[in-house]
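Coordinates in review
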Amino acid sequence: MSRTWSRPLRTAVGAAAVLLSLTVLAGCGGAPVQPAEGTAAHPVTVTFWAWTKGSQEVADEFNATHDTIKVKFEEIPSGGLGGYPKIANAIKAGIAPDVLSIEYPELAQFVSQGSLKDLSGYLTPAVKKQFLPQTIQLTTMGGKNWAVPSDASPQIFYYRKDFFTRHHIALPKTWAEFRTAAQQVKKAAPGTRIATFFPDDPTFFQTMAWQAGARWFTTRNGAWRVDTVDPATRKVAAYWQHMIDDRLVSTAPSYSPEWTASLKAGTTVGYLGASWGAGTLAGIVPEEKGEWAAMPMPSWDAAHPSVGMSQGSTFAISKNSKKTAAAMKFILWMATSKDSVRARVSASTSTALPADPSLVPVARKAIDTSFYGGQDLYSLYEKAGATIDPHWLWGPTAAANNALKDQLHGVVGGSTTLPRAIAATQRATVSALRGSGLTVEDAS
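Description of the structure in this document. The shown structure was predicted, so the numbers you read here are calculated from the model rather than taken from an experiment. (Residues numbered from 1 in each chain as written. Predicted model: local features only at pLDDT ≥ 70, side-chain atom pairs only at ≥ 80, totals over all residues. Heavy atoms only, no water.)

**Some points on the sheet that holds strand E9 (residues 217–220)**
Definition in use: A pair of strands is labelled paired if DSSP reports no fewer than 2 bridges between them. Each helix is a run of H or I in the DSSP string that is no shorter than four residues. Each strand is a run of E no shorter than two, and both are numbered from the N terminus. Angles shown run from 0 to 180 degrees and are taken between the N-to-C directions of axes, each axis being a line fitted to C-alpha atoms and, for helices, limited to the stretch in contact.
Spatial strand order, E9-E10-E15: three strands in an open sheet with mixed pairing. Two strands in the sheet have a free side with no partner beyond their single neighbour: E9 and strand E15 (440–442). Averaged over all adjacent pairs, the angle separating strand axes in this sheet is 30°, with direction ignored. The pairing of strand E10 (residues 223–226) with E15 spans three bridges and is parallel. Looking at E15, one finds that Trp224 is bridged to Val440.

Structure representation (structure tokens):
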């Protein structure tokens, strides 16, 4: 998957400041004091589920450097491939692990279902100050903290610099310039497209709406207000509908054989992604090393750039956990430790932007950017992160995502349009939330 940090990055406090001392549990009526959880007198093992690359190596590094708390890691399918249903079923059965990796867009759903522990008592002001304010806002709901941010994922545009240079195409700073560049790409090589509008991933469009200033979900007086048809979203819908109608972008599904083949063939020369996308792209077309570069995502207003966040992940504790204090020690180590970042990056091609700014230099040093000609990606990511619109809030269920995903297939198939799709998403989301027993205000 976090939203109150669009000013200069705050000074990190240091990982040691957040390694919380464990609470001593005392019995009533003069009962003997029990040893604190995760001490030599009471060692514990914490269970951890995730699908992100490098998680096993992170757990191994923690185990190698900690004696009284150990981690048992299990890799699960990614959220979109069954990871979230597996987590939900485990929680219902009372057998969920202690620590869970959950992306920002899905966090509210687990919170609304009562599946997670409230971590407010551990996330003191000093702890929260270590993280990008936007990521803290994204993990705060109802005035409570439900997860610890792992990374931020500002939007980034990756492009084939050799193609743009050879055909003298100016790099687009605005969406108007992006359309012009798209026309020039198509003219230079008729079978080539500047980028892809992903029809299978509703968060692609949602993040574009977020960037434009949309507010799909807000809360007021105990009610959810839903507005997927606000002016910002309508503007984004009209823009991308014209891009699709004029065949200026590909509409291949994300990470599909079709999309991958177009990258390898050089018929897709750009990727509208996120900070974590650099490693993904390098892994798909390693033979194109040195031909790609990264730049800020085009903005609606060049004088006031803004971006949304594409996915990004957090660490939460399931309500089934009986080892909250020890689990929090592990989580905070993962989110704020230099050793954790080094272990993750060295074991994968991860280019995620740490939610703890003090870890950016570690990630920068650990990652190989030769695929991008040695470009300083993390300076770009930091600047992009500083422009994340802090006001976006994900909804309490996956209703909007599911409704939009259904509609997007029709958009690329020609049976509907994006303006109609967002209107249908509004109706379906309001109906679904009301059907879940939530109080909903329909803003349309």
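**Concerning the nonpolar core**
Threshold: To qualify as a nonpolar core, a set must consist of buried Ala, Val, Leu, Ile, Met, Phe, Trp, Tyr and Cys residues joined through side-chain atoms within 4.5 Å. Using a 1.4 Å probe on the protein chains alone, a residue whose accessible area is under 20% of its type maximum counts as buried, one over 50% counts as exposed, and one in between counts as partly exposed. Two residues form a contact once any of their heavy atoms are found within 4.5 Å.
In this structure, Tyr158, Phe178, Ile194, Trp240 and Leu272 are the most contacted members of the largest nonpolar core, which totals 89 residues. Per element, the largest residue contribution to this core is seven residues, and it comes from helix H9 (residues 231–245). Once residues lying within four places of it in the same chain are set aside, the contact partners of Phe178 are Phe157, Pro172, Ile194, Ala195, Tyr239, Trp240, Met243, Leu272 and Pro298. Counting residues in hydrophobic clusters, the runner-up holds 32 residues, among them Phe48, Phe62, Leu119 and Trp333.

**Focus on the packing of aromatic side chains**
Put simply, the rule reads: Working definition: rings of Phe, Tyr and Trp (its six-membered ring) pair if their centres are within 6.5 Å, and the pair is stacked with planes under 30 degrees apart, edge-to-face with planes over 60 apart, and tilted otherwise. Throughout this description, the term charge over a ring refers to an Arg CZ or Lys NZ atom that lies within 6 Å of the ring centre and within 35 degrees of the ring normal.
Scanning the entire structure with this criterion turns up 36 aromatic pairs. On the basis of an interplanar angle of 75° and a centroid distance of 4.9 Å, the ring pair of Phe371 and Tyr372 is categorised as edge-to-face. Since its relative accessible area comes to 4%, Tyr372 is described here as buried. Relative to Tyr381, the ring of Tyr378 lies with its centre 5.3 Å away and its plane at 80°, an arrangement referred to as edge-to-face. Here Tyr378 pairs with Tyr381, and both are found in helix H15 (residues 377–385), just three residues apart, close to one helical turn. With respect to class, Tyr378 is no different from Tyr381; both count as buried. A cation sits over an aromatic face here: Lys86 above Trp49, 5.0 Å from the ring centre. Positioned over the ring face of Trp300 is Lys235, at 4.6 Å from the centre of the ring.

**Structural notes on the pattern of salt bridges**
Counted only if it meets this: When a carboxyl oxygen of Asp or Glu is within 4 Å of a side-chain nitrogen of Lys or Arg, the pair counts as a salt bridge.
Taken as a whole, this structure holds twelve salt bridges when the rule is applied. Close ionic contact of Asp246 with Arg179 constitutes a salt bridge, the shortest N to O distance being 2.4 Å. One end of the pair, Asp246, is in the loop between H9 and helix H10 (257–265); the other, Arg179, is in helix H7 (residues 175–188), with 67 residues separating them in the sequence. Relative accessible area serves as the criterion here: at 23%, Arg179 is assigned to the partly exposed category. Salt-bridge contacts for Asp376 lead to Arg364; the nearest nitrogen and oxygen are separated by 3.0 Å. Note that Asp376 is positioned in the loop between helix H14 (360–366) and H15 and Arg364 in helix H14, a separation of twelve residues in sequence. Judged by relative accessible area, Asp376 falls into the partly exposed class, the value being 35%. Because the salt bridges share partners, they merge into one network encompassing Arg160, Asp162, Glu288 and Glu291.

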